[in-house]
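Residue-level structural notes
So the chains spell out like this:
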Amino acid sequence: MSMPLHILAAGSLKRAFIPLCQQFSASTGIPARVDFGPAGLLRERIEAGERCDLFASANTLHPQTLLNSGRAQAVETFAFNRLNLTARKTTQTENADWLALLTNTALRLGTSTPGCDPSGDYTWQLFTRLEARYPSLTLKARAKMLVGGRESLTVPTGEMASAWLIRQNLTDLFIGYAHYAQALEKTDDLRILAIPDEFQTRCEYQLALMNADAEPLAQFIVGPDGQAFLRQAGFLTLDGE
């Protein structure tokens, strides 16, 4: 058996990439092993010399950085995402809209960590737009960076950060990726609120091909089968669906 492909992938891809890589290996006979984590920290591991055949990032900056430094052979966009707001469902929050919740300074606001995790970067872009429109908002000052950093809490395997943090009473609100909504929308203790298009950040996911041996997997991801796994996990795919 050939040496397994080593993939480093953004943690938000876990629900898509685990079955995707299993199907790829079953259909091609090429074994693949995936490690998940905040994309910024994964890039640092690659730059420090860790073996990686394919890097799947939740943004374009990290793959482009690897390409510009000569570490990556090619980069390619493979999926898109959006942001949404998850809130603890209480009598105080159950009838408030997304902006009223963010405006309520009595509610604790959690985010991922900018710089280390693209989710945090996208969230800070959202906060910049909101604070420009509503100067009284102090979202960046209020927000607690709870996950995705070097010293952050570790979210247990199988848990989604937003739900776990709220249920552990570490925050009341969390800004995160919208693809998790389909897994959370039927919960009784949480509210999942969309953020209007005018404030949205287009979250673009990109592959960095680090080793030509991973080219078949990269093509599988951007092909019909890989895109189907991403779509099933709630991502926006290359065909716009």
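These remarks concern the structure in this document. Just so it is clear, the structure is predicted and the values come from calculations on it, not from any experiment.

1. Points about the packing of helix α1 (residues 14-28) against helix α9 (residues 215-222)
- Axis separation between α1 and α9 bottoms out at 11 Å; the angle between their running directions is 125°. In this view, α1 runs oblique relative to α9, as classed from their interaxial angle. Judged by the twist between their axes, the crossing of α1 over α9 is right-handed. Side by side, α1 and α9 meet where Phe-17, Leu-20, Gln-23, Phe-24 and Ser-27 of the first sit next to Pro-216, Leu-217, Phe-220 and Ile-221 of the second.
- Along the lines of polarity and charge, the residues of the contact of α1 with α9 split into seven nonpolar, two polar and no charged.

2. Re the packing of aromatic side chains
- Scanning all chains against the criterion turns up nine aromatic pairs.
- Judged by centre distance (6.1 Å) and plane angle (85°), the ring pair of Phe-78 and Tyr-205 falls under edge-to-face. With Phe-78 in strand β4 (residues 74-81) and Tyr-205 in strand β10 (residues 203-209), this pair connects stretches of sequence that are 127 residues apart. As far as the burial class goes, Phe-78 and Tyr-205 line up, both buried.
- Ring centres of Trp-124 and Phe-127 lie 5.3 Å apart, and the angle between their planes is 50°; on these two criteria the pair is classed as tilted. Residue Trp-124 and its partner Phe-127 are located together in helix α5 (residues 118-133), separated by three residues, close to a single helical turn. Side by side, Trp-124 and Phe-127 carry an identical accessibility label, which is buried.
- Positioned above the aromatic ring of Phe-80 is the side chain of Arg-202, whose terminal nitrogen or guanidinium carbon lies 3.9 Å from the ring centre.

3. Some remarks on the packing of helix α2 (residues 39-47) against helix α3 (residues 61-68)
- The contact between α2 and α3 brings their axes to 9 Å, and the two run at 15°. In this view, α2 runs roughly parallel relative to α3, as classed from their interaxial angle. For the pair α2 and α3, the sense of crossing is right-handed. Residues Ala-39, Gly-40, Arg-43, Ile-46 and Glu-47 of α2 form the contact with α3, whose own contacting residues are His-62, Thr-65 and Leu-66.
- Of the residues assigned to the contact of α2 with α3, the class counts are three nonpolar, three polar and two charged.

Conventions used here
- Residues numbered from 1 in each chain as written.
- Predicted model: local features only at pLDDT ≥ 70, side-chain atom pairs only at ≥ 80, totals over all residues.
- Heavy atoms only, no water.
- Axes fitted to C-alpha atoms, helices over the stretch in contact; angles between N-to-C directions.
- Helix = DSSP H or I, 4+ residues; strand = E, 2+ residues; numbered from the N terminus.
- Parallel < 35°, antiparallel > 145°, perpendicular 65-115°, else oblique.
- Left-handed = near helix turned anticlockwise from the far one by under 90°.
- Contact = heavy atoms within 4.5 Å.
- Nonpolar A, V, L, I, M, F, W, Y, C, P; charged D, E, K, R; others polar.
- Phe/Tyr/Trp six-rings, centres within 6.5 Å; stacked < 30°, edge-to-face > 60°.
- Buried < 20%, exposed > 50% of the residue type's maximum accessible area, 1.4 Å probe, protein only.
- Lys NZ or Arg CZ within 6 Å of the ring centre and 35° of its normal.

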